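Observations on chain architecture
Residue-level listing of the chains:
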Amino acid sequence: MTTRTPWRPVALLAGLVLLTGACGGTTKSDVQQQQSSAPAAGASSAGANPNAPIKQGLKIAFLPKQVNNPYFTIADKGGVDAAKEFGGEGKEVGPSDASASSQVSYINTLIQQKQDAIVISANDPNAVVPALKQARAAGIKVVSYDSDTAQEGRDVFVNQASAEDLGRTEVQLLAKQIGNKGKIAVLSATPNATNQNTWIEFMKDELKKPEYQDMELVKVAYGNDDDQKSFTETQGLLRSYPDLAGIISPTTVGIAAAARYLSDSPYKGKVKLTGLGTPNQLRKFVKDGTIEAFELWNPADLGYLASYAAAALASGQITGGEGETFKAGRLGDHTVGAKGEVLLGKPTVFDKSNIDDFDF
Amino acid sequence: MRADVLRRWETLIVVLLAGVAVWASLAVDNFANASNVSFLLLDTTEIALMALTMTLVVVAAEIDLSVASTLGLSCAVLGTLWDAGLPIEAIMPICLLVGAACGAVNGLLVTRLGLPSLAVTIGTFALFRGLAYVLLGGEAVADLPPAYTSLATASIGPVPLATLLVVALAVVAGLVLHATGLGRSIVALGSNVEAAYFSGVRVKRIKLWLFVASGVMASLASLVYTFRYASARADNGMGLELAVVAAVLLGGVSIFGGTGTLPGVLVAVLLLGVVRNALILADVRNEVLNFVTGLLLVASVLAPNLGAVRRRRTPSPAEGKSVT
């Protein structure tokens, strides 16, 4: 029995392709032109009343990248606690897989539930925007935290610490531990995680400084924020570069997996590991000498601040315009910066001397 | 005859769908409003599209586990060509060709080399997704033309345009399966491939074209997906193949081929969509949701086959007939 190759339909389709191509159509540059000619819809301070009281009974939903991720569990608990403080009602909902499209399903249901604000950490800065625009059109305030969305998708972005501070300080921390010398690698989350990639850019920029001329970034590996994948990626790094001096893992999942691998390997204490992690997760590795020092902002504070920012928006204290200020409970006054960014503050460095002071 | 209709699996899941919908309307706030129903329909588009051709493939006693990877590859091609400055109107047919090519690879490996489609498409599942990452890496191409992204989410009243596309294609697929000689041949080769072959059914050719159709449908789904989420990425649609196969099995298609109806599958797609939507609206945690979906599936694979298992245990004149 013979199968004829379907030449005819193939030729037909190919012809169609050429035809539509020749007739012109919508290209990337067309879209860019349209977008640049459209007036930028910047938030204005008009209508912001810093003295407006926080409305009672605000419904605020936290939509993390993924539920059951210890980092987000802590951050969202901070947010829910803040909501209790100002007489609102907070809850965490979200997908168990870190994909953009499943977040969209949740945004749509939150619109149906008529929440007052959505606080989201975006898995994809763009894929969630159409849904978030619908939410905003329905009068819901949107705060991004941890990982930003495209600007038109949210009112305010609550940033953990400036990306620049984080990227540069991680390199500085590691450089101190390896005496500014040797091969280093980065173990990141997913290749398209907005925040991770920005930090890595700043790490690369920091490494250009003359004092780091003997340090070489040999590889950026991706553990996809998956424990097992991060573990095997660490293993792979050391197999490919047995003379590696240090690893920076700017993700809590990655650093814990890397620490676990190192602590049981002959590289323990020899290959330095730093990055972003939580004290509870890494206490044991700091005490057994696998890790000297690492850093992080306080995720509970991040959620807490995002919660207050959401309440300030929903109560009309701020609109997301630069220079507006709001009170964030025990964290004090915060000011909205350029592009609607609110900064939590500088990262905290954890080491043997202070790690027992923190419980998160 | 009437008893037969009542005992049919399709009837059972229609009742189940109605039951769940009524329960959700009464018990879940905001479930039964137009915008939620509209979103619910839109959210099932890609699964429904791929389930249409998957139904035909499974009825023919084959399976295509590479559909979601084909979708991802097609998204990556779209993103890459868009970045290269090609007009979107030219890229879309190219994406469909990519889908056809993926399907042809599966089809040729299955028909020419006689390999089992389960093994072939597990291989191409990784291959196509890998290719997608080679093309686009971790990049997300997002500046797509607003005319198309808004078209993908647009609706007439509460009915999304994408749903109309599904309905139109479902009519075509339904007619092919249930009202044409080709459909009868598909059922025949699914229930007994030797008998079908000796009665003149062009087994290999039909199977090849079924895989091509499956690939094209996956790339069509990729267009809807990309525009709907306004983001072309290599990891688009990751894991959707399971949702598609789930809907097909829940719809009453036998995993061994030979039986199944298209309306049954469409009802199953809706049922899974409604359950998911209602549970999320009711703030049920995601883990519970996955558990419930899993439970539905196990039940759906078990229920239609319980009778068959019992029959197989008790000796009958049919004993000795090969069950492969």
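Residues numbered from 1 in each chain as written. Chains lettered and ligands numbered in written order. Predicted model: local features only at pLDDT ≥ 70, side-chain atom pairs only at ≥ 80, totals over all residues. Heavy atoms only, no water.

Looking at an unreviewed UniProt entry, one finds chain B named Autoinducer 2 import system permease protein LsrD and attributed to Actinomadura luzonensis.

Note the threshold: UniProt positions are given in the numbering used here, feature names are shortened, and annotations may be inferred rather than shown by experiment.
Under an unreviewed UniProt entry, the name given to chain A is Rhamnose ABC transporter substrate-binding protein, and the organism recorded is Actinomadura luzonensis. Among the UniProt annotations of chain A, the heading Subcellular location (unreviewed entry) holds the following wording: "Cell envelope".

1. Re the sheet that holds strand 3 (residues 117–120) of chain A
Residues and elements named next belong to chain A. The condition is simple: Pairing between strands is defined by DSSP: at least two bridges between them are needed. Helix numbering and strand numbering both begin at the N terminus, where a helix is a DSSP run of H or I of at least 4 residues and a strand a DSSP run of E of at least 2. Where helices are involved, their axes are fitted lines through C-alpha atoms of the stretch in contact, as for all axes, and angles between N-to-C directions lie from 0 to 180°. Residue contacts follow a heavy-atom distance rule, with two residues in contact if any of their heavy atoms lie within 4.5 Å.
Pairing is parallel across the open sheet formed by 6 strands, whose spatial order is 2-1-3-4-5-13. Of all strands in the sheet, those with a lone pairing partner are strand 2 (89–92) and strand 13 (341–343), marking the two edges. When the angles between neighbouring strand axes are averaged without regard to direction, this sheet yields 20°. As judged from the 3 bridges shared by strand 4 (residues 141–145) and strand 5 (residues 156–159), these two strands associate in the parallel manner. Each bridged residue has a counterpart across the sheet, and for V143 the counterpart in strand 5 is V156. Those strands touched by helix 3 (residues 70–85) are strand 1 (59–63), strand 2 and strand 4, and its axis lies near 165° from that of strand 2. Against the sheet, helix 4 (residues 100–112) contacts strand 1, strand 2 and strand 3, and its axis sits at roughly 175° relative to strand 1.

2. Let's talk about the pairing of strand 6 (residues 182–188) of chain A
Residue and element names in this part refer to chain A. As a reminder, the rule being used: Only protein chains enter the accessibility calculation, which uses a 1.4 Å probe; a residue whose area is less than 20% of its type maximum is buried, one above 50% is exposed, and one in between is partly exposed. Here a crossover is taken to be right-handed if, once the strands point away from the viewer, the path from the first strand over the helix to the second is traced clockwise.
Taken across its 7 residues, strand 6 has 5 buried, putting it largely inside the fold. In this sheet, strand 7 (residues 215–222) lies alongside strand 6 in parallel orientation, the contact comprising 7 bridges. Bridge pairing in strand 7 places K183 opposite E216. Viewed along the sheet, the connection from strand 6 through helix 7 (residues 194–207) into strand 7 turns out right-handed. One ladder, built from 4 bridges, connects strand 6 with strand 8 (residues 244–249); its direction is parallel.

3. Some details on the UniProt feature "transmembrane region" (unreviewed entry) in chain B
All names here are of chain B. In the UniProt entry, the feature "transmembrane region" (unreviewed entry) is given for residues 37–58, 65–84, 90–110, 117–136, 156–177, 208–227, 239–257 and 288–309. Helix makes up 77% of residues 156–177 and strand makes up 14%, while its end C-alpha atoms are separated by 29 Å. From the first C-alpha to the last, residues 208–227 spans 29 Å; its make-up is 100% helix and 0% strand.

4. Considering the side chain of D146 of chain A
Residues and elements named next belong to chain A. Short version of the rule: Counted charges follow a simple rule, with Lys and Arg positive, Asp and Glu negative, and His plus the chain ends left uncounted. Any Lys or Arg side-chain nitrogen located within 4 Å of an Asp or Glu carboxyl oxygen qualifies as a salt bridge.
Structurally, D146 is set in the loop between strand 4 and strand 5. This buried residue, D146, is left without a salt bridge; K65 holds the nearest opposite charge, at 4.1 Å. If we ignore the near neighbours within four places in the chain, the residues touching D146 are K65, Y71, F72, S121, F157, V158, Q160, N195, W297 and L302.

5. Thoughts on the UniProt feature "domain: Periplasmic binding protein" (unreviewed entry) in chain A
Those residues carrying the UniProt feature "domain: Periplasmic binding protein" (unreviewed entry) are residues 60–317 of chain A in this numbering. For residues 60–317 of chain A, helix accounts for 46% and strand for 19%, while the C-alpha atoms at its two ends are 16 Å apart.

6. Section: the interface of chain B and chain A
This is how the line gets drawn: When two components associate, each loses some accessible surface as probed by a 1.4 Å sphere; the sum of these losses over both components is called the buried area. Two N or O atoms form a polar contact when they lie within 3.5 Å of each other; inside protein one atom must be a possible hydrogen donor and the other a possible acceptor, and for residues adjacent in sequence the pair counts only when both atoms belong to side chains. Residues are sorted three ways: Asp, Glu, Lys and Arg are charged, Ala, Val, Leu, Ile, Met, Phe, Trp, Tyr, Cys and Pro are nonpolar, and all the rest, Gly among them, are polar.
With 50 residues of chain B in contact, the opposing surface of chain A contributes 42 residues. Carbon and sulfur atoms supply 55% of the area buried between chain B and chain A, which totals about 3900 Å² over both sides. Inspection of the region where chain B meets chain A yields 4 salt bridges. Here D124 of chain A and R233 of chain B are joined by a salt bridge, their closest N and O atoms 2.5 Å apart. Inspection of the chain B/chain A interface yields 20 residue pairs in polar contact (both at pLDDT 80 or more). Among the elements of the structure, helix 3 (34–43), helix 5 (67–83), helix 6 (88–112), helix 8 (146–153), helix 12 (203–229), helix 14 (262–281) and helix 15 (286–313) of chain B are those that each provide at least two residues to the side of chain B that touches chain A. Ranked by residues supplied to the side of chain B that touches chain A, first place goes to helix 12 of chain B with 8 residues. Looking at the side of chain B that touches chain A, its residues break down into 25 nonpolar, 10 polar and 15 charged.

7. Regarding helix 10 (residues 279–287) of chain A
Residues and elements named next belong to chain A. Listing the buried residues of helix 10 in full gives P279, L282, R283, F285 and V286. Of the surrounding elements, those touching the buried residues of helix 10 are helix 9 (252–263), strand 10 (293–296) and strand 14 (348–351). Trailing helix 10 by a residue or two, G289 shows a phi angle of about 90°, which is positive.

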